[in-house]
There are 2 protein chains.
Amino acid sequence: MENTVLDRDALIDEALEKILDYLDKKQYFKARDVLKEFNAADIADIMEDVNDEVDIHMTVILFRLLPKDLAVDVFSYMSPEDQVNIVNAITDKEISFIVQELDFDDKIDILEELPATVVSKILAKTPKEERSMINEFLNYPADSAGSLMTPEYISLRQDWTVGESLKRIKEGGRDAETIYTCYVKDAGRRLIGIVSLSTLVTTDSDVLIRDIMHTDYVYVHVLDDQEDVAEVFKKYDYMALPVVDSEHRIVGIITFDDIIDVIEEEATEDIERMNGVIDFKDNDRSYLDIPVWQHAVNRLPWLLILMVAYVFTGMIVTRFESSLSKVIQLVTYMPMLMGTGGNTGSQAATLIIRGLATGEVETDDWLKVMWKELRIGLIIGVILSLVNFVRVCWLDGGGVKIALTVCMAMLAIVIFAKLIGSMIPLIVKKVNLDPALIANPAISSVSDAVALTIYFAMASIFLSAELA
Amino acid sequence: MENTVLDRDALIDEALEKILDYLDKKQYFKARDVLKEFNAADIADIMEDVNDEVDIHMTVILFRLLPKDLAVDVFSYMSPEDQVNIVNAITDKEISFIVQELDFDDKIDILEELPATVVSKILAKTPKEERSMINEFLNYPADSAGSLMTPEYISLRQDWTVGESLKRIKEGGRDAETIYTCYVKDAGRRLIGIVSLSTLVTTDSDVLIRDIMHTDYVYVHVLDDQEDVAEVFKKYDYMALPVVDSEHRIVGIITFDDIIDVIEEEATEDIERMNGVIDFKDNDRSYLDIPVWQHAVNRLPWLLILMVAYVFTGMIVTRFESSLSKVIQLVTYMPMLMGTGGNTGSQAATLIIRGLATGEVETDDWLKVMWKELRIGLIIGVILSLVNFVRVCWLDGGGVKIALTVCMAMLAIVIFAKLIGSMIPLIVKKVNLDPALIANPAISSVSDAVALTIYFAMASIFLSAELA
């Protein structure tokens, strides 16, 4: 009982074994009965495992044996690949039922993922009116508020009473994605206020909606970026937000569960970009589902840009070649100095990029950031220099001149790298580009060149006699 | 109207200016009236700006002029620093009121952040019974489900009717963090089922709770890790989860808004760790609030570990020193080869580490991952080799032998780096360590050593005559 998440995983594993056993003996209904004990998200997981362990035919058989309503829920939790497999395997009538029953925003998500042929197959089964609404929703830009919203919400009138409103919710509520926040519209479909269900059930039934609705509600625009919408959710802790068009007509609502996915997607995108991976297709497919060539395409641009940068690094080394061949020992410390410069720069960049993303740091703070990183760089630089003095003199027996060269270079490189690493993201942000996308290649190439230049400059100072 | 988030920011900026103007003229009530038009989260933002622009005294004056209930809400949205300032400036009676009125989980969060002196000041004002509950909650480990939960939830009995339940919710609901999910307990406080408010309001009032409650609800244990709890929320899309103790007694609930913070915190932690920053104090303070020495302490360990690794890299270079001095040109390409190895390895590592964090990749997938990265490495390696052949031969005029050395080394380094970068996180995960914490230092040091070894081996093959 110590870890309930693991508990549940164990339970699911156990069920999976039983089901595989029943399927093996062709006792399909018994397998179905084991499955039915779980909720839709778990069943989707188990079916995916059945798919891996046996095959898609078995998954389809199990899927068809589920009670119809449960099957729809399970479908909405499946991975896009499994959904396509199911759609390809079941009859048009079954497809039609699933599509009708899905929550509207799940329907849109699924249609966005499925191949065009399957989408037209599904749309053909959809009533004309809904089809045009689906098409409208499919047309919102992929990262906009419009692409996240559902049109299934509860709307009230300001001259209704609480009792009347509750009665209407009771009648019509089953189709709404959430009934916990209700939206008050005027005759022109314009949003004029919101009322929470908790207010409704704790207020006397003859009170008018007008007298209890909040008019200072927060809303988003249908074309707002999903990242901005996520910021609003994080700031205000709302369960749902209304989405309005340019005439302030409510066109849908966004619920918190979709925002949890957005926050995770955005974090993944930032992490990948910060480490030189750009997802050009910008899709939800997982690492294992993205084909090899697409992985290569996502990773090549950054590596190629750096190739250009390395031409400059190479030129710096070439200019110093004759000196290096005189004191070849200097080459030994090149990897360490460049590596430390890159790492310490990327530490600073990471904190600033993340700080910009979560709103902890703003571009106006640049002076504060610079002053902070200068002092941090000084502390770290002094400590690393001392460590290296010991190493070069005692461990490598390199002599005081070499040691001084390496240590002074280390100190200067760390301080410069901290400043470069912290300032570049702020500059990139200031010119309205994504710091996660640009900062790291820029920092890597600049910090390598700076590190070598500093190192060779120090060598010229401390080893002038040897290099002459 | 294109971007409502910016709209709102503009509105807030405008209000801030007006308020600063009124404060300047000592028209405090007018300033308060402007402030009152916003909701608590916005007011907390504006007060922080007032703090920056004027001083804390002015913020305290404004805070005291707010209606008491609003002041409590605003307080819960303030940053820990501002909260401490407010607590230090207001009277004990005011502190007592704020603490009494705060939601329980906000109260715990705030008490965890405040200095011990302030906490004891606050606890002294708390009724004895609640004080012991606060102490119990403060004792849950920082990253556990217990530290996120609130004891304020609605509990029902299975033999109540829907009508009776709604009546009780109406009477007692105001103190609950959420009334949207209600928890059914038996006589021994054990959790036996859940009912949503939406079921209650859409069900006839004489139906018994026992007949509509769900018994296959998902719950978490009070000592579960917050990251696991976040996984459960992501999987099931629930708004709230019950937290039980080892005897299955319900001790609190966790709501989705706290989980949004956890997901963001965990992403930040992963991003920082992947880039060599370890937050030893593991606190919520922002970049600018963390003192310089703490920043240095957080960044030093990784850099020091790499120092040890660079001793080995240095040894590899030293062993090859005499050959290098014969063909000093080889030094020119060292930064590029090591840099590309590190970058391409960290691309692979990033995708695997993130995949492990979001559950897209599992350690059992290692063979699939290896096969995938082998092919990706081959594609990228061949392309980068060709680019470099052109560069070395034409741009640098380096001769075919040098070009072959560099290109073959590049191909081998990219493939090895992809394999090392993808396998190390899986191995680290397999032995139950955090891949984000260990993988990058390990990859950096191994890939540098591998890159140099491969490069010098290629040189020995293609330049054997020159190096003899």
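Everything here concerns the structure above.
Residues numbered from 1 in each chain as written. Chains lettered and ligands numbered in written order. Predicted model: local features only at pLDDT ≥ 70, side-chain atom pairs only at ≥ 80, totals over all residues. Heavy atoms only, no water.

Q: What is the right way to look at the interface of chain B and chain A in this model?
A: Interface size is commonly expressed as the accessible area that is lost once the parts come together. Counting from both sides, the interface comprises 123 residues of chain B and, opposite them, 123 residues of chain A. Taking both sides of the interface into account, the surface hidden between chain B and chain A amounts to around 11300 Å²; carbon and sulfur atoms contribute 66%. In this structure, Glu264(B) and Lys234(A) form a salt bridge, with 2.5 Å as the shortest nitrogen-oxygen distance. Ranked by residue count, the leading element in the side of chain B that touches chain A is helix H16 (residues 292-319) of chain B, at 17 residues. Taken together, the residues that form the side of chain B that touches chain A break down as 65 nonpolar, 29 polar and 29 charged. (Contact = heavy atoms within 4.5 Å. Buried area = accessible area lost by both parts, 1.4 Å probe. Salt bridge = Lys/Arg side-chain N within 4 Å of Asp/Glu carboxyl O. Helix = DSSP H or I, 4+ residues; strand = E, 2+ residues; numbered from the N terminus. Nonpolar A, V, L, I, M, F, W, Y, C, P; charged D, E, K, R; others polar.)

Q: Can you help me understand the nonpolar core in this one?
A: Nonpolar side chains in soluble globular proteins generally cluster together in the buried interior. Core analysis: the biggest nonpolar cluster contains 170 residues, and Leu197(A), Leu200(A), Ile254(A), Leu197(B), Leu200(B) and Ile254(B) have the highest contact counts within it. In this structure Leu200(B) touches Leu156(B), Val162(B), Leu166(B), Ile169(B), Cys182(B), Val195(B), Ile209(B) and Ile212(B), once residues within four positions along its chain are discounted. If you look at the next biggest cluster of nonpolar residues, it comprises 86 residues, including Val331(A), Met334(A), Leu463(A) and Ile376(B). (Core = buried A, V, L, I, M, F, W, Y, C linked by side-chain atoms within 4.5 Å. Buried < 20%, exposed > 50% of the residue type's maximum accessible area, 1.4 Å probe, protein only.)

Q: Explanation requested: the pairing of strand S6 (residues 250-255) of chain A in the structure shown.
A: Every regular strand shows the same layout, with side chains that alternate between the two sheet faces. All names here are of chain A. A large share of S6 lies buried, amounting to six of its six residues. Pairing analysis gives five bridges linking strand S5 (residues 240-244) to S6, with the strands arranged antiparallel. The residue bridging Leu241 from the neighbouring strand is Ile254, located in S6. Between S5 and S6, which pair antiparallel one after the other, the connecting turn spans five residues, and His248 there sits at a positive phi close to 60 degrees. (Pairing = 2+ DSSP bridges.)

Q: Teacher, can you tell me more about the side chain of Asp270(B) here?
A: Residues and elements named next belong to chain B. Of note, Asp270 is situated in helix H15 (residues 256-274). Of the buried charged residues, Asp270 lacks a salt bridge, with Arg354 as the closest side chain of opposite charge at 4.6 Å. Sequence-distant contacts of Asp270, that is, excluding residues within four places in its chain, are made with Ala357, Asp434 and Ala436. (Lys, Arg positive; Asp, Glu negative; His and termini not counted.)

Q: I'm lost on a nonpolar patch on the surface in this one. Help?
A: A cluster of nonpolar residues, Phe280(A), Trp293(A), Val297(A), Leu304(A), Ile379(B), Ile383(B) and Val387(B), forms a patch on the protein surface that exposes about 570 Å² of accessible area. Elements represented by at least two residues in the nonpolar patch include exactly helix H16 (292-319) of chain A together with helix H20 (366-395) of chain B. Take Ile379(B): it is sitting in helix H20. Using a relative accessible area of 34% as the deciding quantity, one classes Ile379(B) as partly exposed. (Patch = residues over 30% accessible without salt bridge, like charges linked within 9 Å, V, L, I, M, F, W, Y side chains within 5 Å. Areas by Shrake-Rupley, 256 points an atom, 1.4 Å probe, with all protein chains shown as cover.)

Q: Looking at this model, I keep getting lost on the sheet that holds strand S3 (residues 191-196) of chain B. Mind explaining?
A: In sheet architecture, strand pairing relies on hydrogen bonds along the backbone and comes in two forms, parallel and antiparallel. All names here are of chain B. Strands sit in the order S1-S2-S3 across an open sheet of three strands; the sheet is mixed. The outermost strands of the open sheet, each flanked by one partner alone, are strand S1 (154-156) and S3. Each adjacent strand pair in this sheet contributes to an overall mean axis angle of 35 degrees, direction not counted. (Axes fitted to C-alpha atoms, helices over the stretch in contact; angles between N-to-C directions.)

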